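What follows is each chain in one-letter form.
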Amino acid sequence: MTDNQIPAELVMTGIAKVYGTNRAIDDISATVPAGQVTVIVGPSGAGKTTLLRIICGLDAPTSGQVHFDGAPIDGVPDGLAMVFQDYSRSLFPWLRVEANVGFPLRRIDKKLRRSRVMEALEAVGLAGKEHLYPWEMSGGMQQRVAIARALACHPRLLVMDEPYASVDAQTRAELEDLLLTIQATMKITVLVVTHDIDESVYLADNIIVLSKAPSRVSEEIPVRLARPRDQITTKEDAEFIRLRAHVLRLLRNIPEAPTGAGSLAAKVTA
Amino acid sequence: MSVLTRAAQPGVSASDLPRRSRLIGRRVVLSAIVPILILLVWWLGSLSPTKGLFIASPLATVVRTFQDFLGGNASHLFLGTVAWQDLLPSLWRATVGFWLALVVGVVVGTALGVKPVVAALFQPLVHLGRSLPTPALLGVFFLLFGTGDWPKVLLIAFGVIWPILFNTIDGVQGIGTGRAHVAEVFKLRRRDVLFRILLPGAAPKIFAGARVALSLSLIMMIISELQKSRNGLGYLLVATQRNFDYPGFWSVLLVLALIGIILNIIIVRIERRVLAWHQGATSQHD
Amino acid sequence: MKLISEPLSLLKRIVLGVIGTLGIGLILEVLIRTRVISGAGLPLPSAVVRQGYHLLGNTAFLTQVFYTLREWMLGLLIASVVGVILGGLMGAIPTVFTMFSLPVEVLRPLPAIAIGPLLLLLLGTSMLPMSLTVAAACVWPILFNAMYAMRSVDPVAVQTAKTMHVSPLGIMARVRLPASLPFMFTGIRVSASIGLIVAVSVELLLGSGGGIGGYILLASTSASNLDVVYAATAVTGLLGVLVSGLFALADRAAFGWKKGLAQ
Ligand SMILES: Nc1ncnc2c1ncn2[C@@H]1O[C@H](COP(=O)(O)OP(=O)(O)O)[C@@H](O)[C@H]1O
Ligand SMILES: [Mg+2]
């Protein structure tokens, strides 16, 4: 395995998903460009998790197709790693941190596995914690372990489902910056789902805004804020403030205001 | 909350019906395989030249069960002589023993459970009781309580009370201080605390204990009839063997299995009803 | 009205337990000695304790104790293997569940003790039929715990492994099985205490003279020996308490991570 992998591109065309009589996703077509951070934002129940499950090949769409680097996906694509929202359920409590991070690397030689585990833990700032059990750690640290486990696979596409929804605000800011640093150094494609508007603007190169279920793409918004981003200065930027107001209007179905928006609540109420 | 949209319902299409009935057919076939294999082995065993002597064939067993247990006329409620002589007395003793244990176990368990100090005083003995091989006390119970039904009933009760007692204490103590504070804040009366918080809260545990006790009570019922007994299913198990009456022996086994199944169905029904009430009642308090 | 109180500390409970046990023994002793309660065959605590102490030095008795222990262990082992494998498969594979659910529902309520005599007839007088009877009683809690545990493994954990290209067999071995082990062990713990009772019962029932049950059977033929019966029963009970304590310790050591499971 080489460390200089080419980031992957993802194309969704006409995705729809129906559960019994419940139409969760109506019609979604969008592109996740290689080497960039794409954020999907949408209200609760819009089918964001469902969409990610389809992208990961865990679930088949009722109609439509997903192409991973040009090839239609059928099963979990190679080079994809997923971070689930609920770290307490996706980390294995019977394994220590080291074994959790090494879990997907079963087929790799033991020495190499250890070095890759250590490298991944280093990248998320958890060096020296490999002998703890996940449940002995704080929520933020557990989610770092989950990210390290995804990174240890050397993915070309990192998919995250509301990764920071269950950690406190301070930790959340740290983890957002961590993700951006990792993306910049490892040059991977990142797809994040969130319902936090500030987070979506802060992280993204492109935002895909979904409507309520049955969901469609309301708008694809390119974000041209400078990188590296900063929790204080980026969020003071007039462009940041304009974008978050714009996304919030889309989500709330409010027509665009002629002048710059004042202080709006930053979160969608589900 | 998500909005349920009813657009584009797939519904049940015509091609679904044969598929569904095929699935049901598959289930029936699958669930029949193992029982048929068991019956086959049983039947082949009964034909075996060496062991066949001890194994009544499935057919002989069923026929014998009908004769013994269901051969009576209308004046006997269509129950056979064996049912009147052995089955009903056994069930009677087991029932009395079980209910005695249930009532005493829940009352004493609740009393101990609400007083941690008293519970702690008795805890080692309750643990010991739970591990005691009560069947060993069979002879002692006859000596202590004379002859007749009482020693047997008391042995059954003594044998099955421990899981009920243990689980009641555990259940009552596990109510949690959260609900205790609710009781205090609302200044509930003792009676209300007992019947609306303690017992409903402990009900799932009490039921778990009662289930263990119920299956133990069948074992204790059999054990209690092994000595100084003139009737009962346990007595019959020994007597049929002593008389080399193996079809009779097998029919007792069959009847025991049937009793177990019926008891299980009954307790599942009761549990569903009582615990549903429990959920409704506690959700008002939390 | 205050009916529910805070739990006590461990030390307090131990001290109170010792006081309670000694106190109850003392009260019983006084009541019997002063003939407030009287009758043949009442257990005088001091006599039972003295007998129990003698029994612990009695090799004939100890031989029978070990016989029962081996019989019980063998039964528990058989029950664990069968219960974990069959229950696990029933929980993991719907087809297996469909195939075995009817026989399991029919056989479970059959009082295990009743098949003891039958097994003795078929297999001859030895430890095996008794152990099999113990196994027949012990298998159910293990089987049901294994089944429910396998069935309710967290789907997020399974999906996590799927996104890592773990094969279905790998998911079984590396996710479902480890996640279910603590509950399977809980089943084994429950069965362990049932098993000891059944082991002694089947010895009494078969009356072939082996084990603690056989010893008690012999002792209870003469009324003068009742203290021995009480003592032997109590010693067995203590053994059971000891064993469930050991199982609890093993549980905590091996499955301390259980608290990390969601819910
Ligand atoms: N496995 C499933 N079976 C039936 N309905 C489902 C299933 N998964 C999700 N849904 C439904 O699909 C809709 C979208 O759910 P989800 O993708 O979890 O939304 P989000 O992640 O955006 O909050 C919801 O209405 C939910 O009830
Ligand atoms: Mg979601």
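Residues numbered from 1 in each chain as written. Chains lettered and ligands numbered in written order. Predicted model: local features only at pLDDT ≥ 70, side-chain atom pairs only at ≥ 80, totals over all residues. Heavy atoms only, no water.

1. Points about the interface of chain A and chain C
Turning to step 1, where the next piece is worked out: Taken residue by residue, the interface counts 20 residues in chain A and 22 residues in chain C.
Turning to step 2, where the next piece is worked out: In total, about 2,100 Å² of surface goes out of reach between chain A and chain C, with carbon and sulfur atoms giving 69% of it.
Turning to step 3, where the next piece is worked out: Applying the counting criterion to the chain A and chain C interface returns one salt bridge.
Turning to step 4, where the next piece is worked out: For the salt bridge of D154 of chain C with R89 of chain A, the shortest nitrogen-to-oxygen distance reads 2.7 Å.
Turning to step 5, where the next piece is worked out: At the junction of chain A with chain C, the criterion picks out five residue pairs in polar contact (both at pLDDT 80 or more).
Turning to step 6, where the next piece is worked out: Considering every element that reaches the side of chain A that touches chain C, the biggest residue donor is helix α2 (residues 87–90) of chain A, with three residues.
Turning to step 7, where the next piece is worked out: Among the residues making up the side of chain A that touches chain C, the classes are represented as 13 nonpolar, two polar and five charged. (Contact = heavy atoms within 4.5 Å. Buried area = accessible area lost by both parts, 1.4 Å probe. Salt bridge = Lys/Arg side-chain N within 4 Å of Asp/Glu carboxyl O. Polar contact = N/O pair within 3.5 Å; in protein donor to acceptor, adjacent residues only side chain to side chain. Helix = DSSP H or I, 4+ residues; strand = E, 2+ residues; numbered from the N terminus. Nonpolar A, V, L, I, M, F, W, Y, C, P; charged D, E, K, R; others polar.)

2. What to know about unusual backbone geometry
All names here are of chain A.
Turning to step 1, where the next piece is worked out: Of note, the bond from A213 into P214 is cis; its omega dihedral lies within 30 degrees of zero at -5°.
Turning to step 2, where the next piece is worked out: The phi dihedral of E162 is positive, around 35°, even though this residue is not glycine.
Turning to step 3, where the next piece is worked out: Checked against the element boundaries, E162 lands in the loop between β7 (157–161) and α6 (169–186).
Turning to step 4, where the next piece is worked out: With phi around 60°, N253 is a residue other than glycine that occupies positive phi space.
Turning to step 5, where the next piece is worked out: Within the secondary structure, N253 is located in the segment after α9 (238–252).
Turning to step 6, where the next piece is worked out: What makes N253 exposed here is its relative accessible area of 68%. (Buried < 20%, exposed > 50% of the residue type's maximum accessible area, 1.4 Å probe, protein only.)

3. A word on the site of ligand 1
Turning to step 1, where the next piece is worked out: Around ligand 1 sit 12 residues in total, of which G45, G47, K48, T49 and T50 of chain A are the nearest.
Turning to step 2, where the next piece is worked out: Around ligand 1 the close residues trace back to chains A and B.
Turning to step 3, where the next piece is worked out: At a separation of 3.3 Å, an oxygen atom of ligand 1 approaches a polar side-chain atom of N22 of chain A.
Turning to step 4, where the next piece is worked out: A distance of 3.1 Å is found between an oxygen atom of ligand 1 and a backbone nitrogen or oxygen belonging to A46 of chain A. (Near = heavy atom within 4 Å.)

4. So, the layout of surface pockets
Turning to step 1, where the next piece is worked out: Considering only enclosed or pocket space, the second largest pocket measures out at about 1,400 Å³ in volume.
Turning to step 2, where the next piece is worked out: In this structure, the second largest pocket is lined by 40 residues; those nearest its centre are I38 of chain B together with P103, L107, L110 and I115 of chain C.
Turning to step 3, where the next piece is worked out: Among the elements that make up the lining of the second largest pocket, the one with the highest residue count is helix α1 (residues 16–47) of chain B (eight residues).
Turning to step 4, where the next piece is worked out: Of the residues that constitute the lining of the second largest pocket, the class distribution is 37 nonpolar, two polar and one charged.
Turning to step 5, where the next piece is worked out: Counting contributing residues per domain, the lining of the second largest pocket is built from domain 1 (18–55) and domain 2 (75–278) of chain B, each supplying no fewer than three. (1 Å grid on protein atoms, 1.4 Å probe; cavity = no way out; pocket = protein on both sides within 12 Å on 5 of 7 lines; lining within 4 Å. Points joined across faces, edges and corners; volume = space filled by probe spheres on them. Domains from an automatic or database assignment.)

5. A word on empty space enclosed by the protein
Turning to step 1, where the next piece is worked out: Inspection of the entire model under this criterion finds three cavities of 30 Å³ or more.
Turning to step 2, where the next piece is worked out: Considered as a void within the structure, the largest cavity measures approximately 50 Å³ in volume.
Turning to step 3, where the next piece is worked out: Taken together, A81, M82, A146, R149, A150 and C153 of chain A together with T163 and M164 of chain C form the lining of the largest cavity.
Turning to step 4, where the next piece is worked out: For the lining of the largest cavity, the secondary structure elements donating two or more residues are β6 (80–83) and α5 (139–152) of chain A.
Turning to step 5, where the next piece is worked out: Top element by residues in the lining of the largest cavity is α5 of chain A. It accounts for three residues.
Turning to step 6, where the next piece is worked out: A breakdown of the residues in the lining of the largest cavity according to their chemical character gives six nonpolar, one polar and one charged.

6. Things to note about the nonpolar core
Turning to step 1, where the next piece is worked out: One finds L233, W250 and L256 of chain B together with V175 of chain C to be the most contacted residues of the largest nonpolar core, which totals 141 residues.
Turning to step 2, where the next piece is worked out: If you tally residues by element for this core, the top one is helix α8 (residues 190–224) of chain B, at 17 residues.
Turning to step 3, where the next piece is worked out: Core analysis: the second largest hydrophobic core is formed by 51 residues, V117, I147, L151 and Y202 of chain A among them. (Core = buried A, V, L, I, M, F, W, Y, C linked by side-chain atoms within 4.5 Å.)

7. Remarks on the packing of helix α9 (residues 211–219) of chain C against helix α10 (residues 226–254) of chain C
All names here are of chain C.
Turning to step 1, where the next piece is worked out: It is at 9 Å that the axes of α9 and α10 come closest, and there the two elements cross at 165°. Judged by the angle between their axes, α9 and α10 are roughly antiparallel. With respect to the hand of their crossing, α9 and α10 are arranged in left-handed fashion. Across the interface between the two elements, I212, Y215, I216 and A219 of α9 pack against V228, V229, A232, T233 and T236 of α10.
Turning to step 2, where the next piece is worked out: By residue class, the composition of the contact of α9 with α10 is seven nonpolar, two polar and no charged. (Axes fitted to C-alpha atoms, helices over the stretch in contact; angles between N-to-C directions. Parallel < 35°, antiparallel > 145°, perpendicular 65-115°, else oblique. Left-handed = near helix turned anticlockwise from the far one by under 90°.)

8. Considering the domain arrangement of chain B
Turning to step 1, where the next piece is worked out: By domain assignment, chain B separates into domain 1 (18–55) and domain 2 (75–278).
Turning to step 2, where the next piece is worked out: One C-alpha centre belongs to domain 1 of chain B, the other to domain 2 of chain B; they are set 34 Å apart.

9. Some points on the pairing of strand β2 (residues 22–32) of chain A
Residues and elements named next belong to chain A.
Turning to step 1, where the next piece is worked out: Note: strand β1 (residues 10–19) against β2, seven bridges, orientation antiparallel. Across the sheet, residue K17 finds its bridge partner in β2, namely I25.
Turning to step 2, where the next piece is worked out: If you look at the hairpin formed by β1 and β2, you'll find two residues sitting between the two strands, and G20 has a positive phi there, around 60°.
Turning to step 3, where the next piece is worked out: Relative to strand β10 (residues 215–222), β2 runs parallel, the two being bridged by two bridges. Pairing of D27 across the sheet is with R216, part of β10. (Pairing = 2+ DSSP bridges.)

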